[in-house]
Amino acid sequence: MILVPGGRGQLGHDLAELSSGVRALSSAELDVTKVTAADLAGATAVINCAAYTAVDAAETDEDRAFAVNAVGPGLLAEACASLGIPLVQVSTDYVFSGDGDRPYEPSDPVGPKSAYGRTKLEGERRVLESGGYVVRTSWVYGVGGSNFVKTMASLESSRPSLSVVDDQRGAPTWSRDLAAGLLELASVLPAQRLLHATGGGETTWFGFAQAIFEELGADPSRVMPCTTADFPRPAPRPAYSVLSGAAWAAAGLRPLPHWRSALSEAFQAGVVAPRAGAAPLG
Ligand SMILES: NC(=O)c1ccc[n+]([C@@H]2O[C@H](COP(=O)([O-])OP(=O)(O)OC[C@H]3O[C@@H](n4cnc5c(N)ncnc54)[C@H](OP(=O)(O)O)[C@@H]3O)[C@@H](O)[C@H]2O)c1
């Protein structure tokens, strides 16, 4: 049985949907900041989806973010090592500075600009030190949580137009595709321990928002491009955080589908609840 702490989040939800061999635990059932080997009894592997993911809030709450994103994975890694079972830790593109202009390889230098990125990086370090796996991903959305896709769908229904930043590049990732990839990783257990897994291709938040409007059957020209400077946020975001999937493929793992086709599939799978009275698409 694969134990999934943080099992009520977006990714944990999809891991549980995809495999009956997954036991997804809420934060009340398993708090990673206090986990011991006894909590993992019966597990054959652990995929850690528990995280402090409020990127802006982490700027003023770094101690709590550190406890969940660094201390928790460290404790899990020690517990898994003592039991001799693999740990897969999920990490983020925000460990990179974003100053690059070609997809980041796992071996590229890191340089987080935010508290969230710093705490996730320390979690990576602790997991790798204990022999666990780290999989970095980006721009995750799914049925089981609040995310950019749901926010855009809600704004589409309430505003005539909106502005979305067009100077941050990355790769949207459907949590179900990532969940399938992590299950494959947990069965293959390749030699390479630090990997990247995101939707294929790349876009900006603006491009992503236009695609969401297309999927909603709305006019994408209602989405206007703007710059990061137009919408200052507490946490700086990397301007370029596309992650290369080359190491993932070289490890014998199936590349995740392209972000655009994944978005269509996610809509068909109900990532956004259909509006009451809306005409069926197609
Ligand atoms: N979302 C993204 O865009 C994105 C991008 C890159 C990487 N990632 C990484 O991908 C992974 C999964 O993200 P996600 O989008 O599925 O996150 P999510 O929906 O925010 O879920 C995170 C889960 O962690 C749980 N949690 C928080 N503190 C915990 C604790 N002390 N012990 C156990 N569980 C705890 C939360 O439970 P409560 O609600 O009960 O607190 C929540 O269910 C994370 O490692 C995240 O850093 C996400």
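Just above, that's the structure.
(A) Seen up close, the packing of aromatic side chains. The full count for this structure, using the stated rule, is ten aromatic pairs. Judged by centre distance (5.9 Å) and plane angle (85°), the rings of Phe208 and Trp259 are edge-to-face. Of this pair, Phe208 sits in helix H6 (residues 205–216) while Trp259 sits in helix H8 (residues 259–268), and the two are 51 residues apart along the sequence. Each member of the pair Phe208 and Trp259 is classed as buried. Here the aromatic residues Trp139, Tyr141, Phe148, Trp205, Phe208 and Trp259 are joined through ring pairs into a cluster of three or more.

(B) Quick peek at the sheet that holds strand E1 (residues 2–5). Across the sheet, which stays open at both edges, the six strands sit in the order E2-E1-E3-E4-E5-E10 with parallel pairing between neighbours. What marks the edges here is a single partner per strand, and that holds for strand E2 (22–25) and strand E10 (194–196). Neighbour-to-neighbour, the strand axes of this sheet turn through a mean angle of 20°, independent of strand direction. Note: strand E3 (residues 45–48) against strand E4 (residues 87–92), three bridges, orientation parallel. If you follow Val46 over to E4, its bridge partner there is Leu87. Where helix H2 (residues 62–83) meets the sheet, its contacts fall on E1, E3 and E4, and the angle it forms with E4 comes to roughly 160°. Here helix H5 (residues 175–188) sits on the sheet and contacts E1, E2, E3, E4, strand E5 (133–137) and E10; the angle it forms with E5, its principal contact strand, is near 160°.

(C) The nonpolar core, seen in detail. In terms of nonpolar packing, the biggest core is built from 56 residues, with Leu40, Tyr141, Val149, Val164, Phe208, Ile212 and Leu263 touching the most fellow members. Those elements that provide at least two residues to this core are H2, helix H3 (115–129), helix H4 (148–158), strand E7 (162–165), H6, strand E12 (223–226) and H8. The biggest single contributor to this core is H6, with eight residues. Once residues lying within four places of it in the same chain are set aside, the contact partners of Phe208 are Trp139, Tyr141, Phe148, Val149, Pro172, Thr203, Trp259 and Leu263. Formed by 26 residues, the second largest nonpolar core is a distinct cluster that contains Ile2, Ala24, Ile47 and Ala251.

(D) Up close: H3. With 15 residues, H3 should reach 21 Å at 1.5 Å per residue; the first-to-last C-alpha distance of 21 Å fits that figure. Among the residues making up H3, those that are buried are Ala115, Tyr116, Gly117, Thr119, Lys120, Glu122, Gly123, Glu124 and Val127. Elements in contact with the buried residues of H3: H2, E4 and E5. Following H3 by one or two positions, Gly131 has its phi on the positive side, about 90°.

(E) Quick peek at the site of the ligand. Around the ligand, 25 residues are found, and the nearest of them are Ser27, Asp31, Thr53, Tyr116 and Lys120. Measuring from an oxygen atom of the ligand, one finds a side-chain N or O atom of Lys120 at 2.7 Å. For the ligand, the accessible surface in isolation is 900 Å², of which the surrounding protein chains cover 78%. Ranked by residue count, the leading element in the shell around the ligand is E4, at three residues.

(F) Main features of unusual backbone geometry. Even without glycine at this site, Trp139 takes up a positive phi of about 45°. When you line up the elements, Trp139 lands in the loop between E5 and strand E6 (140–141). For Leu189, which is not glycine, the phi torsion reads 45° and is therefore positive. On the basis of relative accessibility, which here comes to 36%, the residue Leu189 falls in the partly exposed class.

Calculation notes
- Residues numbered from 1 in each chain as written.
- Predicted model: local features only at pLDDT ≥ 70, side-chain atom pairs only at ≥ 80, totals over all residues.
- Heavy atoms only, no water.
- Phe/Tyr/Trp six-rings, centres within 6.5 Å; stacked < 30°, edge-to-face > 60°.
- Helix = DSSP H or I, 4+ residues; strand = E, 2+ residues; numbered from the N terminus.
- Buried < 20%, exposed > 50% of the residue type's maximum accessible area, 1.4 Å probe, protein only.
- Pairing = 2+ DSSP bridges.
- Axes fitted to C-alpha atoms, helices over the stretch in contact; angles between N-to-C directions.
- Contact = heavy atoms within 4.5 Å.
- Core = buried A, V, L, I, M, F, W, Y, C linked by side-chain atoms within 4.5 Å.
- Expected span 1.5 Å × (residues − 1).
- Near = heavy atom within 4 Å.
- Polar contact = N/O pair within 3.5 Å; in protein donor to acceptor, adjacent residues only side chain to side chain.
- Areas by Shrake-Rupley, 256 points an atom, 1.4 Å probe, with all protein chains shown as cover.

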